[in-house]
Amino acid sequence: MSNSLSYIIPVAVLVYSVASMLSVGLGTALRSVLGPLRDVGAVSRALIANFVLVPLLALGILRLLPLDGPLETGLLLLSTAAGAPFLVKLTEAAEGRMGTSAALLVALLPVTVLYMPLAVPVLVPGTTVSAVAIATPLVLTMLLPLVVGLVFHARLNVWAGRLLPRMQTVSTVALVVFVAATIWRNAAAIADLLGQGTPILAGVSAIVGAFVIGYGFGGKQRHRREVLGLGTAQRNVAASMVVATQSFHEPRVNAMVVVTSLMTLVVLFPIAFTMRRLRPLAPRDNRPPSGKWPR
């Protein structure tokens, strides 16, 4: 069973990432992605929140809640990796602006590729990180599907409308499979960390603190605060796992990344649904009956 899960988990992540980013592109006009990127102030705040304040937050938490070396490393890896495909599903749960979500991912992903090889060796001395190893899966599973979806939306709008609900269903199923398989495979490590308590407290503190940072740096517009809050708190598991697998041979590093990532979903989905319930009815910015994402 363990061998089967070793294949199921990466396949589920691959399917989820591709289907999620395709769904964003299929339902979003290119101008909705490019518009937020033209706001230099907003992009700068997003980069500062994700690549300066979140790592500093992690260091502060580890000062207050010291962990074993491998567990500290896992939390620090997550703090340096931004731009996660799970933001798509969180934004959908909150009925937020998918264009803003896509723009944030486009801004964060390239910086993550350049930032991690520089930041991780500083935070964890003696570590080497390959930018190519990080960039390859992020480009192929996130940026490329997003571009394909945007092209379909612009050139083949009828087909985009037909494919959109199917991609949303596929991404939801893949997410459920990933979470279930990850919990099953890492049950012993999860139980061990839950038994210690402190690693869970440190992880949850990092998640909540990152959300507060992102929300506070989101500016005056509510939809931007919501997306940046969710996007800053949801760290890039794929990039973190690439570095953890290639640069460390301690299984507890992976365990901390996995457990904190699962806790992220536990914390952020209730926040997203709360945003959805508290959203004003007028002016309405939820999805229209056509099922297309708000612009």
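The residue numbers shown here count from 1 along each chain, following its written sequence. Predicted model: local features are reported for residues with pLDDT of at least 70 only, side-chain atom pairs are reported and counted for 80 or more only, and whole-chain, interface and lining totals are derived from all residues. Note that water and hydrogens are dropped before the side-chain values are worked out from all heavy atoms of the structure.

## Notes on the overall build of the chain
Selection rule: Helix numbers and strand numbers start at the N terminus; a helix is a DSSP run of H or I with at least 4 residues, a strand a run of E with at least 2. Two things to know: the radius of gyration comes from C-alpha atoms, and the globule rule equals 2.2 Å times the number of residues to the power 0.38. Relative accessibility decides the category of a residue: with a 1.4 Å probe and only protein chains considered, values under 20% of the type maximum give buried, values over 50% give exposed, and everything between is partly exposed. Contacts are residue-level and defined by heavy atoms, with any inter-residue pair within 4.5 Å sufficient. Surface accessibility follows the Shrake-Rupley procedure with a 1.4 Å probe radius. Residue values consider only the protein chains on display as shielding.
Scanning the chain from N- to C-terminus turns up 13 helices and 0 strands. Ordered by position from the N terminus, the helices and strands of the chain form the series α-α-α-α-α-α-α-α-α-α-α-α-α. At 18 Å, the chain has a C-alpha radius of gyration in line with the 19 Å of a compact globule built from 295 residues. Of all 295 residues assigned to the chain, the portion counted as buried reaches 52%. Of all intrachain contacts in the chain linking residues separated by at least 6 positions in sequence, the fraction that spans at least 24 positions is 82%. Of the roughly 13,100 Å² of accessible surface on the chain, 70% is carried by carbon and sulfur atoms.

## Re unusual backbone geometry
Positive phi outside glycine occurs at Glu 95, with the angle close to 55°. Along the chain, Glu 95 turns up in the loop between α5 (86-94) and α6 (98-123). The class for Glu 95 is buried, based on a relative accessible area of 14%.

## Here's the deal with the nonpolar core
Defined as follows: Buried Ala, Val, Leu, Ile, Met, Phe, Trp, Tyr and Cys residues form a nonpolar core when they are joined through side-chain atoms within 4.5 Å.
Membership of the largest hydrophobic core comes to 80 residues, with the highest contact counts inside it found for Ile 134, Leu 230, Val 243 and Leu 268. Counting 6 residues, the second-largest nonpolar core is a separate cluster that includes Ala 19, Leu 22, Ala 160 and Leu 164.

## Side note on the environment of Thr 28
Structurally, Thr 28 is set in the loop between α1 (2-26) and α2 (30-37). Owing to a relative accessible area of 1%, Thr 28 belongs among the buried residues under this scheme. The spacing of Thr 28 and Leu 146 is 118 residues in sequence and 9.7 Å in space, taken between C-alpha atoms.

## Re the confidence of the model for the chain
Just so we agree on the cut-off: As a per-residue measure, pLDDT reflects the predictor's confidence and takes values from 0 up to 100.
Averaged over every residue, the pLDDT of the chain is 84; residues scoring 70 or more account for 93%. pLDDT under 50 marks residues 282-295. Its contacts with residues more than four places away, or in other chains, come to 32 contacts.

## Focus on helix α7 (residues 131-155)
As a reminder of what qualifies: The span one expects for a helix is its residue count, reduced by one, times 1.5 Å. Here the bend at a residue is taken as the angle between two axes, fitted respectively to the seven residues that end there and the seven that start there.
With 25 residues, α7 should reach 36 Å at 1.5 Å per residue; the first-to-last C-alpha distance of 33 Å fits that figure. At Val 139, α7 is deflected by roughly 45°, the largest bend along its length. All of the buried residues along α7 are Ala 133, Ile 134, Ala 135, Leu 138, Thr 141, Met 142, Pro 145, Leu 146, Gly 149, Leu 150 and His 153.

## Quick look at the pattern of salt bridges
Selection criterion: In what follows, salt bridge is the name for a side-chain nitrogen of Lys or Arg lying within 4 Å of a carboxyl oxygen of Asp or Glu.
Here the structure, examined in full by the defined rule, presents 5 salt bridges. Asp 39 is the salt-bridge partner of Arg 224, the closest N and O atoms lying 2.8 Å from each other. Here Arg 224, found in helix α11 (residues 222-233), pairs with Asp 39, found in the loop between α2 and α3 (40-64); they are 185 residues apart in sequence, far enough to count as distant. Linking Asp 68 and Arg 252 is a salt bridge whose minimum nitrogen-to-oxygen distance equals 3.1 Å. A residue pair is termed long-range when its members are at least 10 positions apart, and Asp 68 in the loop between α3 and α4 (69-80) and Arg 252 in helix α13 (residues 251-278) qualify at 184 residues. Overall, the relative accessible area of 40% leaves Asp 68 in the partly exposed class.

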